[in-house]
Amino acid sequence: MTFFENLSIKNKLILIILSVTLAATIIGFTIITISDIKNFKKDMVINTTINARLLGEYCAVPLDVGWDQLAYEVLTKLEAIEIVTSGIVFDSSGQVFAAYSKKEQTSLIAQTPVEHEKHEFRGRFLHVYQPIIHEGRQVGTIYIQASTHFLNKKIHQYFFTMFIIFCCTIGFAAALAYKFQSLFSIPILTLAEVTKKITQKDDYSHRVGETRNDEIGILYSGFNEMLAKIETRQDERDKANSKLKLRTKELSKALENLKATQNQLIQSEKMAALGQLIAGVAHEINTPLGAIRSSVGNISKAMGQVLEKLPRFFDSINTSEKKKFFHLLERASEKSNTLSSREERKYKRDLTHTLHKNKILNSESIADTLVDMGIYDNIESFIDIFSTPNGQVILKTAYVLSGLQRSALNIQTAVDRASKVVFALKTYSRFDQTGKMTQADIIEGIETVLTLYHNQLKHGVEVIRNFENIPPVFCYPDELNQVWTNILHNALQAMENKGKITISVKRTNAHVMVAISDTGKGIPQNIINKIFEPFFTTKARGEGSGLGLDIVKKIIDKHNGKITVQSAVGKGSTFTAFLPLNATKRS
């Protein structure tokens, strides 16, 4: 079947015509041959039976009078009949009365006579039995044996003739099939050629030009009509494509303007949030500046008090007192933690009691000085120095010099704090012009925002950090910082800057989850589905534009992530953002 399917239409038509012709010819020739062979045998039987009947009539009288010689002479007439080989005349008792054979060497086989007419083909001979009737009664039977050699020869000649006719018929059918297949294959090939040209050049102006009145003509007409409609629709499509290209160009320009507007809007929201932070940021910077100014003043004052008197001081004390002096400085430099007022009072009382018990004069003043220096335990090694005449001078000088160390440490701490705030401010306010994703640390971005909000957080807000180690995320870092800023700002407003904020960062399968929870007022369930809509806000006029959470959702969507919110009135809200670890920019 596969072989037939792979043939061309031309060869298929030829094969079909030849197959049908061959089948019809074989069936017809078979029927004719069988019929003719039957007729040949029938003619042979009729002729032989007629001869047997005539000879029987001639042998009736000799058989009745017992003249066998005359019967034999009658049988010799069989010599003239070519197909007959022998003959026998039986009397009424079934005995052989006379017999004749064309070949003397052929022995006659006694045959059993029958009382009625009979013939049969057996072996290579036709056997005919004919009763001999005389005066109304059967006086004997004649038997004639005829050879089928001539019949077979005639059949063979017939088969040969039929084979020649068959071959001629098949040849003629093949010629007709080859001729008539073109009536079907050529139109189809023409149709295929036109289709190929249309496909290659995408030109629907081609037509099948031949006009016919048969089914092929109907196919041609329908094909041309289809091409005409396609050509018309192609023209319409080309016009529509031109309009679409123009419209696409306009939409692309509008999209670029929209993106630029959106970026400006995000930047405006960022600057608006930054503007709200300015007072706190200014305070955060002024605090370390004030510490630096105070520490510089202390250093200048201490330098003025000590530099001139320091040589005379060292000349006035002995070696043991020098060792105690440097030991005091060493102890003062060891303590860097700041004590609360309650702790200071407790340590001063304990030191005063210890000094008073060792009969040290001015024990309260000495205790105050020691605590200010950060020395409030294990003072047994200094008890003896405080009872000497130079004890007060040594303690005072050590206090002044340790103050220089404390002031320098304060300056370093203040500079670090101011640098951290400035760096966070610079990081937050930057605007990425490349528009490309980069790998960034999510926790680092959150810490930047917390640094900027430190002034609002330190006076009544507890921040709980549940941070897990997560890999860098492929993202837009400055835009994500805007997300954390908006959510944190809303949380502070919902709590009125009093309460607890919990920030959790962890990895969940192929995402990084960032959850920010507050203990604020919460969001009513009837509006919770609207909070991400643009210009929707529950804040008072002038406190919000209603675009903050809309921008948050757009930024998370831009990262192919999602953001959810859970809230209960009076208990607080939790905003959860899911960011893919292998993010790709959404088209």
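Preceding this paragraph is the structure being described.
Residues take numbers from 1 onward in each chain, read along the sequence in its written order. Since the coordinates come from a predicted model, pLDDT governs what is reported: local features require at least 70, and pairs of side-chain atoms require 80 or more to be given and counted, while whole-chain, interface and lining totals use all residues. Calculation of side-chain values draws on the structure's entire complement of heavy atoms; hydrogens and water are dropped beforehand.

A word on the overall build of the protein chain. By definition, any uninterrupted DSSP run of H or I lasting at least four residues is a helix, any uninterrupted run of E lasting at least two residues is a strand, and each is numbered from the N terminus. Along the protein chain, the regular secondary structure elements total 16 helices and 12 strands. When a residue's accessible area, from a 1.4 Å probe over protein chains only, is under 20% of the maximum for its type it is buried; when over 50% it is exposed; and in between it is partly exposed. Taken over 587 residues, the protein chain has a buried fraction of 36%. Sequence separation of 24 or more characterises 70% of the internal contacts of the protein chain that already satisfy a separation of 6 or more. Each accessible area is a Shrake-Rupley result for a 1.4 Å probe, and residues are judged covered by the shown protein chains and nothing else. Accessible surface computed for the protein chain: about 35500 Å², of which carbon and sulfur atoms make up 56%. Contacts are assigned to residue pairs that have any heavy atoms within 4.5 Å of one another.

Tracing the backbone shows Lys521 in the loop between β10 (511–518) and α16 (548–558). Apart from residues no more than four positions distant in its own chain, Lys521 is found in contact with Ala494, Glu496, Ala568, Val569, Gly570 and Lys571.

Turning our attention to the nonpolar core. Side chains of a nonpolar character, in soluble globular proteins, are inclined to be buried together. Take the buried Ala, Val, Leu, Ile, Met, Phe, Trp, Tyr and Cys residues and link them wherever side-chain atoms come within 4.5 Å; each set so joined is a nonpolar core. The biggest cluster of nonpolar side chains holds 42 residues, and the ones touching the most others in it are Ile442, Ile446, Leu480, Trp484, Ile501, Val514 and Phe575. Where this core is concerned, the elements lending two or more residues are α13 (442–452), β8 (473–475), α15 (477–495), β9 (499–508), β10, α16, β11 (562–568) and β12 (572–580). Not counting the four nearest positions on each side in its chain, Val514 is found in contact with Ile442, Ile446, Trp484, Ser504, Val505, Phe575, Thr576 and Ala577. Ile37, Val45, Ile81 and Met162 belong to the second-largest nonpolar core, a separate cluster that totals 32 residues.

Here the focus is unusual backbone geometry. We note that Glu135 has phi near 55°; this positive angle belongs to a residue other than glycine. By the secondary structure assignment, Glu135 is in the loop between β4 (125–134) and β5 (137–147). Residue Glu135 is classed as exposed on the basis of its relative accessible area of 68%. A positive phi angle is found at Asn497, which is not glycine, with a value near 60°. Among the secondary structure elements, Asn497 is positioned in the loop between α15 and β9. Overall, the relative accessible area of 31% leaves Asn497 in the partly exposed class.

Turning our attention to the sheet that holds strand β7 (residues 461–467). The pairing of strands in a sheet comes from backbone hydrogen bonds and takes either a parallel or an antiparallel form. With respect to topology, 5 strands assemble into an open sheet ordered β7-β9-β10-β12-β11, the strand pairing being mixed. Each edge of the open sheet is held by one strand with a lone partner, namely β7 and β11. Sheet twist, expressed as the mean angle between neighbouring strand axes with direction ignored, is 10°. At least two bridges found by DSSP between two strands is the condition for calling them paired. Two strands pair when backbone bridges link them, and β9 and β10 are joined in this way by 8 bridges, in the antiparallel orientation. The residue bridging Ile501 from the neighbouring strand is Asp518, located in β10. Axis angles are defined between N-to-C directions and span 0 to 180 degrees, where every axis is a line fitted to C-alpha atoms and, for a helix, only to the segment in contact. Helix-sheet contacts for α13 involve β7, β9, β10 and β12, and the interaxial angle to β7 is about 170°.

As a further point, take the pairing of β4. Here β4 lies mainly inside the structure; 9 of its 10 residues are buried. Here strand β3 (residues 118–122) pairs with β4 via 5 bridges, running antiparallel. Counterpart to His119 in the pairing with β4 is Val128. The hairpin formed by β3 and β4 contains 2 residues between the paired strands, and Gly123 there has a positive phi angle of roughly 70°. Once β4 ends, the chain turns through 2 residues before running back antiparallel as β5, passing Glu135 with a positive phi of about 55°.

With respect to the helices and strands, Thr48 occurs in helix α2 (residues 9–58). Accessibility expressed as a relative area gives 1% for Thr48, which makes it buried.

Here we come to the sheet that holds β4. Read across the sheet, 5 strands follow the order β2-β1-β5-β4-β3 without closing on themselves; strand pairing throughout is antiparallel. Of all strands in the sheet, those bounded by a partner on one side alone are β2 (96–101) and β3. Averaged over all neighbouring strand pairs, the angle between strand axes comes to 15°, with direction disregarded. Where strand β1 (residues 84–91) and β5 come together, 7 bridges link them in antiparallel fashion. Bridge pairing in β5 links Ser86 to Gln145. Against the sheet, helix α4 (residues 68–75) makes contact with β1, β2 and β5, and its axis sits at roughly 30° relative to β2, the strand it touches most.

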